[in-house]
Amino acid sequence: MILAWTGAVLVMAGALACYAAAPHQKLLARPGRSRAPVGALLLVLGTALLLQWAGPATALFIACTLAMLVWSVVPLAAAWARRPRSSP
């Protein structure tokens, strides 16, 4: 079970690092191209750990689902956090 949780955390951290490397991301003030290789490496390592815990198809589907979760929620949360505040 430790492999599953560690793999899931690594996949989500890799997806977050890949998102932070995108030029139009709203999470950080400046995108960093050096985050993309680190993100890819974390995605691969997380998927490898998931492969040790589950079958190949299941591990890949889990990794893809977690990455899509991060890439769907984080941009919306970052845009919401940086929205202009209206004064009452």
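Notes on the structure in this doc start here.

The rules behind each value
Residues numbered from 1 in each chain as written. Predicted model: local features only at pLDDT ≥ 70, side-chain atom pairs only at ≥ 80, totals over all residues. Heavy atoms only, no water. Helix = DSSP H or I, 4+ residues; strand = E, 2+ residues; numbered from the N terminus. Buried < 20%, exposed > 50% of the residue type's maximum accessible area, 1.4 Å probe, protein only. Contact = heavy atoms within 4.5 Å. Areas by Shrake-Rupley, 256 points an atom, 1.4 Å probe, with all protein chains shown as cover. Expected span 1.5 Å × (residues − 1). Core = buried A, V, L, I, M, F, W, Y, C linked by side-chain atoms within 4.5 Å.

**Observations regarding the overall build of the protein**
Here is step 1: Looking only at helices and strands, one finds three helices and zero strands in the protein.
Here is step 2: Seen in sequence order, the protein has helices and strands lined up from the N terminus as α-α-α.
Here is step 3: Counting only C-alpha atoms, the protein reaches 55 × 30 × 20 Å along its principal axes.
Here is step 4: Looking at the protein residue by residue over its 88 residues, the buried ones come to 28%.
Here is step 5: Residue pairs at least 24 apart in sequence account for 64% of intrachain contacts in the protein once pairs closer than 6 positions are excluded.
Here is step 6: Working note: accessible area of the protein is about 6,000 Å², and carbon and sulfur atoms make up 74% of it.

**Some details on helix α3 (residues 56-81)**
Here is step 1: Here α3 contains 26 residues, and its C-alpha end-to-end distance of 37 Å stays within 8% of the 38 Å for a straight helix at 1.5 Å per residue.
Here is step 2: Among the residues of α3, Ala59, Ala63, Leu66, Ala67, Val70, Val74 and Ala78 are the ones counted as buried.
Here is step 3: Where α3 is buried, its residues touch α1 (2-20) and α2 (35-53).

**Side note on the nonpolar core**
Here is step 1: Of all hydrophobic cores here, the largest spans 12 residues; its members are Ala8, Val11, Ala15, Tyr19, Leu43, Leu50, Ala59, Ala63, Leu66, Ala67, Val70 and Val74.
Here is step 2: Those elements that place two or more of their residues in this core are α1, α2 and α3.
Here is step 3: Broken down by element, this core gets its largest block of residues, six residues, from α3.
Here is step 4: Other than its neighbours up to four places away in sequence, Ala59 contacts Leu50, Leu51 and Ala54.

**Examining the environment of Ala40**
Here is step 1: Among the secondary structure elements, Ala40 is positioned in helix α2.
Here is step 2: In this structure Ala40 comes out as partly exposed when scored by relative accessible area, which is 36%.
Here is step 3: On a C-alpha basis, the gap between Ala40 and Ala8 in space is 14 Å, while along the polypeptide they are 32 residues apart.

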